[in-house]
Structures are given as C-alpha cells and as structure tokens.
Amino acid sequence: MKIVVCIKQVPDTKNGVKFKPDGTLDRGAMASVMNPDDKAGLEAALRLKDRHGGEVTVITMGLPKAEEVLREALAMGADQAILITDRVLGGADTWATSSTLAGAVRKLEYDLIITGRQAIDGDTAQVGPQLSEHLGIPVISYAQKIRVEGDCVIAERQFEDRYHVLKAKLPCLITALSELNEPRYMTPGGIFDAYEADITVWGRGDLKDVADTDIGLKGSPTQIAKASDKVKKGTGEIINGTPGETAAFIVEKLKERHVI
Ligand SMILES: Cc1cc2nc3c(=O)[nH]c(=O)nc-3n(C[C@H](O)[C@H](O)[C@H](O)COP(=O)(O)OP(=O)(O)OC[C@H]3O[C@@H](n4cnc5c(N)ncnc54)[C@H](O)[C@@H]3O)c2cc1C
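Let me sum up the structure you'll find in this document.

Reading the values: rules and limits
Residues numbered from 1 in each chain as written. Predicted model: local features only at pLDDT ≥ 70, side-chain atom pairs only at ≥ 80, totals over all residues. Heavy atoms only, no water. Near = heavy atom within 4 Å. Polar contact = N/O pair within 3.5 Å; in protein donor to acceptor, adjacent residues only side chain to side chain. Areas by Shrake-Rupley, 256 points an atom, 1.4 Å probe, with all protein chains shown as cover. Nonpolar A, V, L, I, M, F, W, Y, C, P; charged D, E, K, R; others polar. Pairing = 2+ DSSP bridges. Helix = DSSP H or I, 4+ residues; strand = E, 2+ residues; numbered from the N terminus. Axes fitted to C-alpha atoms, helices over the stretch in contact; angles between N-to-C directions. Contact = heavy atoms within 4.5 Å. Salt bridge = Lys/Arg side-chain N within 4 Å of Asp/Glu carboxyl O. Buried < 20%, exposed > 50% of the residue type's maximum accessible area, 1.4 Å probe, protein only.

**Let's talk about the site of the ligand**
Taken together, 30 residues lie around the ligand, and K8, D38, A92, A119 and T124 are the ones closest in. Taking N35, its side chain carries an N or O atom lying 3.2 Å from an oxygen atom of the ligand. G122 places a main-chain nitrogen or oxygen 3.4 Å from an oxygen atom of the ligand. Protein chains bury 83% of the 930 Å² of accessible surface belonging to the ligand in isolation. Its residues assigned to classes, the shell around the ligand shows 10 nonpolar, 13 polar and 7 charged.

Below, the structure is given as structure tokens:
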C-alpha cells in the first residue's frame, strides 16, 4: 500500500517559547524538531508498511531547512521525501497550507494519508481535515490505533472519556495522536543513507490544480493581527480563615471565573 505522511518541522517548545521584540515567534532561537504527532503518524505508516508492504512518502511544506525532518524520516525508514518550498507559499494560514499540500498530494498515488492531529506551534488541528476536504476523501481524526483490513482502514478515534471504532474505505486520511505508538529510533545505517538520499523539491509550478488565490499569505483568509506573550500569572494570595470560610472563598473565586 502507498502511504503519504505529512510532516511539519516545528520549534521545540519543551524549553519554552521565545519571541522577537515585535511579538512574532523567534524560530532562530529555538531548536527545530519533527512535530510529535507527525512522528507517531510516520511510525504508524512504517508499521503498516512492515505488515502489508508498500511505500511511505513523507512530505513537508516549509523553508529549505525543513529538509532536516525529511532526512530524519528517511533515516527512520521512509522511502521517498518531498519538500515543497517557494517564496510565494510563505505566510500561509491553514487554508493555504492545506491547499498547497493538496496540490502536491494530487500528483502522488496513495491509499492512505496520515497527518498529525495538530502541530505544536500553530496548534489549530485544521490542516488534516482541510486536506481531506480538498481531496474529497473521508477523514478519521484523533486516531489512537490504526489497522488496515482489505480495502478498509479501521481506527480508534479518541474522545475525552471513550473512543469510537471507525471503518472507512481507502483512500482515506487519518490524523494521528502522539499516544498512537512509541516511534522507532533512526538506525545508524539509515542516517548515512538519509544523509545522501535525494529529496524531491517542488515549487509553486509543481502543484496540481491549485489556484493562486489559495496559496501563501495572499491566499490566506486569516491574518494574524497581533502576537504577544502569555499574560504572567499574578502572585498567590494567602487566605486566613476557618476551613469553611476558606472553601467558600475558593468556590466564589472559581464561580467568578466561570470555572464552576
Ligand atoms: C495569517 C497567518 C499567517 C501565518 N504565517 C506564518 C508564517 O509566515 N510562517 C509560518 O511558519 N507559519 C505561519 N503561520 C502558521 C501556519 O499557518 C500554520 O503553522 C500552518 O497553517 C499549519 O497550521 P498548524 O500549525 O496549526 O497545523 P495543524 O493544523 O495543527 O497541523 C495538523 C497536521 O497537519 C500537517 N501539517 C501542518 N502544516 C504542515 C506543513 N507545513 N507541512 C506538512 N504538513 C503539515 C502535520 O501533519 C500536522 O500535524 C501563519 C498562520 C496564520 C493564521
């Protein structure tokens, strides 16, 4: 089976997020990693390939530097990597990102597309479902388990307090949760091979059936008006009183903030 995995290179937010003075993300000051949900999606694809045979293609849209995550994916076991990079694609919102990815995927053969549930920088969780809309295929989001039987994919979709088992005919798109699995490490041989592997680079002209009005900043219906750091928490308050008074005070505060 042919599986396409969409991977995004994201700033590593583990050690906090750094901003430039103008409020935009200071990507240069933070290490870059493969988005965790995407890594789990890639691992799921590789396990399906181990079981059923086939081919895994990884694809990313980003700056030329995003090639790093593609090489990491190749070192883990992906067969083919595609980097979509072009100045006109910069500043894309989720609509323009998903339109661009769709333009690339239309050129590929696929049975299954896997994206992460969400990217840890944009955090919208919109690109996967939008991509399925562009391609006119079903989507199963929040997948915590995936298997393929015949021409169908069966996935557990996570909810807060339960999960649903869903079955869809291939081709289908799945959005993967990082809880899906424990991604494998790159192998030393894989790292050497990936270092020398050819990466296919596509620009605007390589995208199929995508309008200029649907790409880049110009094709983005949303514009970020302002970005700022989180408001810092105030200092704590010590309440002196009987346990009853203290509990009543806390309940009042929680009601004030619509927590309860
Ligand atoms: C107005 C506006 C302007 C923006 N300008 C910029 C900008 O200049 N530079 C910038 O870096 N970001 C910019 N962003 C953020 C950018 O739009 C989002 O990062 C992007 O649209 C993906 O959305 P997300 O990160 O929320 O992904 P989600 O929807 O949370 O991602 C879900 C999954 O989709 C896949 N995916 C998402 N993005 C990609 C990708 N690029 N390649 C491959 N797979 C992907 C991954 O599998 C991911 O796990 C902008 C956003 C807005 C709204």
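**Section: the sheet that holds strand 9 (residues 163–169)**
Taken together, 9 strands build an open sheet; the order of strands is 9-8-7-10-6-1-4-5-11 and the sheet is mixed. Where the open sheet ends on each side, the last strands, each with one partner, are strand 9 and strand 11 (200–202). Pairs of neighbouring strands in the sheet enclose a mean axial angle of 30°, with direction left out of account. Pairing between strand 1 (residues 2–6) and strand 6 (residues 112–116): 3 bridges, direction parallel. When the sheet's bridge partners are listed, V5 is paired in strand 6 with I114. Strands strand 1, strand 4 (55–61), strand 6, strand 7 (139–149) and strand 10 (172–176) of the sheet are contacted by helix 1 (residues 36–52), whose axis makes an angle of about 170° with strand 1. Sheet strands touched by helix 4 (residues 127–135): strand 1, strand 6, strand 7 and strand 10. Its angle to strand 10, the strand with the most contacts, is close to 175°.

**Description of the pattern of salt bridges**
Counted under the stated rule, the structure contains 14 salt bridges. Notably, a salt bridge pairs R47 with E43, separated by 2.7 Å at the nearest N-O pair. A residue pair is termed a helical-turn pair when its members lie 3 or 4 positions apart in one helix, as R47 and E43 do in helix 1 at 4 residues. Looking at R47, the relative accessible area reads 40%, which means it is partly exposed. Assessed through its relative accessible area of 2%, E43 is described here as buried. Close ionic contact of E68 with K65 constitutes a salt bridge, the shortest N to O distance being 3.3 Å. In this structure K65 comes out as partly exposed when scored by relative accessible area, which is 43%. Because the salt bridges share partners, they merge into one network encompassing E43, R47, D50 and R184.

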